[in-house]
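Structural features, examined
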Amino acid sequence: MNQTLTEKELQKQEEITDLLKDILFIRYGNQQPKAFVHTYGCQQNVADSEKLKGMLLKMGCILTEDKNEADIILFNTCAVREHAEDRVFGNVGQLKALKKKKPSLLIGLCGCMMEQQHIAEKIYKSYPYVGLVFGTHVIHKFPELVYHAVTSGKRLVERGYDDGEIYENIPLHRDGSFKGWLSIMYGCDNFCTYCIVPHVRGRERSRRPDTVLQEAKAMVQAGYKDITLLGQNVNSYGKGLSEQTSFPELLRNVAEIDGDFWVRFMTSHPKDASKEMIDIMAEYGKICNHLHLPFQCGSNRILKQMNRRYTREKYLEIAEYAKSKIPDLSLTSDVIVGFPGETYEEFCETLELIRQVKFTSLFTFIYSPRVGTPAAKFPDPVPHEEKARWMAELLKVQEQIAAQRCAGMVGNAYRVLVEEQAREGVLNARTQNNIIVEIEAPAALIGTFQNVRITQARNWILRGCLES
Ligand code: SAH
Ligand code: SF4
Ligand code: F3S
């Protein structure tokens, strides 16, 4: 498909959107329909939901936070672990009563889970009140899918295929007004043996650098203060594009945009994270001193089984280089405990790596087998209760490290972005290195940069006061 065809496709969707404005208005009692969108999973899904919301607004809908009053309910689902899928099934089950009360309610399920055939089939068979099921590859066709669902009165399942295209200019409604996501690429080519993402998100493809830069500039002009560049593996940004470019170059160009803002990015893959990228992080004050660099496991044998394509030594080398170059760096990571065949001794290598690197925080997961991934077929003799014990041990180690790190910040001054109300009179602010500080301040400061001095650390919760 070439550029004109994707443009034509989006024009068709715009025309259908116009038709839908009247169709939906009449269907929902001569009122603007109310749409509820709930997002499960990672920032990729959050970014997709922002497109779905953008398209819903163009169809004349009002967004609501209350599913009880909604005319259209969309769940954007995540398939990364069994627990994530179970939550979706549970929550979809609860919608049955709402559909009974309001037969015109349109319930749609989309996102990563729906890209798996066995799940789409299960939904179709067991949840007859779900009217629309669609996968991640057909988001740009959302208006057409809604149109068919409401005009045919039939249930619709549309899973499409990965056509390798990037559909630019889909309407977008960002959730935040000063913190925003900016997708720079989609999909993943890495095929870690445990992971469903490449199977449900398709092949890796990068947006053109001029398009990304334009969007970043527009965000800065619109007042965004904290912009996160998004991709499953940002370090391989640019692969397959006709122009020569790279992630470090993109990062530099974003940081060169005029204005008072911060830029972050995620996720970095240790096999591709370069010293050049770290040097650029160190060079620009606008690039946050936070690096999310998932190591997954500290044992080389297991890393190989995971197809991660780096060793523990390579990971430590890049982590140490980053720490030495970037003052006050926060390193965060993802860890999987209990990969099939992992022994307690191998798990201890993970603990050792955590002690050595001293991460600011960790996202920790017990391995969850995913249908269609190679690891799901590996022998997995360690019982879940044993893995849960390992996890508890890991969390204890990490808690101590995080508490020490926070205690070390007391007395220091930081520039923070004030983000939200924590409770009456108390706001949450975030440092560049991604640590939350509670401050007593008026809500009017939300969305502004401030300077704070850390006055107290209780475990990993920091308190601070404003400085002039
Ligand atoms: N692209 C990112 C991660 C995306 S998924 C990266 O490579 O780092 C987010 C995290 O979920 C992964 O880092 C991994 O720690 C976890 N994860 C993925 N599949 C999993 C599985 N089958 N079981 C448990 N955790 C899993
Ligand atoms: Fe999954 Fe690995 Fe791709 Fe991350 S890099 S999304 S863990 S396959
Ligand atoms: Fe989940 Fe899909 Fe993200 S599987 S973690 S929402 S890419």
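Heads up: the structure comes first, above all this text.
One structure accompanies this document, and this report is about it. In this text the structure is predicted, and so the values were computed from the model without any measurement. (Residues numbered from 1 in each chain as written. Chains lettered and ligands numbered in written order. Predicted model: local features only at pLDDT ≥ 70, side-chain atom pairs only at ≥ 80, totals over all residues. Heavy atoms only, no water.)

1. Details of the site of ligand 2
The environment of ligand 2 is formed by C188, N190, F191, C192, Y194, C195, V197, P198, Q232, H269 and R308. Here the shell around ligand 2 is built from residues that sort into seven nonpolar, three polar and one charged. (Near = heavy atom within 4 Å. Nonpolar A, V, L, I, M, F, W, Y, C, P; charged D, E, K, R; others polar.)

2. Examining the pattern of salt bridges
One pass over the structure, following the stated rule, counts 31 salt bridges. Across the salt bridge formed by R208 and D210, the nearest N and O atoms sit 3.0 Å from each other. Between E419 and R430 there is a salt bridge, with the nearest N and O atoms lying 2.9 Å from each other. With E419 in strand β15 (residues 413–423) and R430 in strand β16 (residues 426–431), this pair connects stretches of sequence that are eleven residues apart. Across the pair, exposure class does not vary: E419 and R430 are buried alike. (Salt bridge = Lys/Arg side-chain N within 4 Å of Asp/Glu carboxyl O. Helix = DSSP H or I, 4+ residues; strand = E, 2+ residues; numbered from the N terminus. Buried < 20%, exposed > 50% of the residue type's maximum accessible area, 1.4 Å probe, protein only.)

3. A closer look at helix α6 (residues 142–152)
Every buried residue of α6 is listed here: F142, P143, E144, L145, V146, A149 and V150. Positioned one or two residues after α6, G153 has a phi angle of 70°, which is positive.

4. Here's the deal with the pairing of strand β1 (residues 34–39)
Note that β1 and strand β2 (residues 62–63) share two bridges and pair parallel. Considered in β2, the bridge of A35 is made with L63. Of the crossover connections in this fold, the one passing from β1 over helix α2 (residues 43–58) to the parallel β2 is right-handed. Taken together, the five bridges between β1 and strand β3 (residues 72–77) define a ladder with parallel strand orientation. By the bridge assignment for β3, F36 is matched with I73. (Pairing = 2+ DSSP bridges. Right-handed = clockwise from strand over helix to strand, strands pointing away.)

5. Points about the sheet that holds strand β13 (residues 330–337)
Taking strand neighbours across the sheet as the criterion, the three strands line up as β12-β13-β14 in an open arrangement whose pairing is parallel. Two strands bound the open sheet, and with one partner strand each, they are β12 (290–292) and β14 (361–366). Between one strand axis and the next, the sheet turns by 15° as a mean value, whatever way the strands run. Relative to β13, β12 is paired through three bridges, and the arrangement is parallel. (Axes fitted to C-alpha atoms, helices over the stretch in contact; angles between N-to-C directions.)

6. Side note on the site of ligand 3
Taken together, G41, C42, N45, C78, A79, V80, C112, R201 and Q232 make up the full set of residues adjacent to ligand 3. Considered class by class, the residues forming the shell around ligand 3 number five nonpolar, three polar and one charged.

7. Describing the environment of N412
By the element assignment, N412 lies in the loop between α14 (384–407) and β15. The class for N412 is partly exposed, based on a relative accessible area of 33%. Residues N412 and T455, 43 residues apart in the sequence, show an inter-C-alpha distance of 8.3 Å. Beyond its immediate stretch of four places on either side in the chain, N412 contacts V452, R453 and I454. There is a polar contact of 3.1 Å between the side chain of N412 and the side chain of Y414. (Contact = heavy atoms within 4.5 Å. Polar contact = N/O pair within 3.5 Å; in protein donor to acceptor, adjacent residues only side chain to side chain.)

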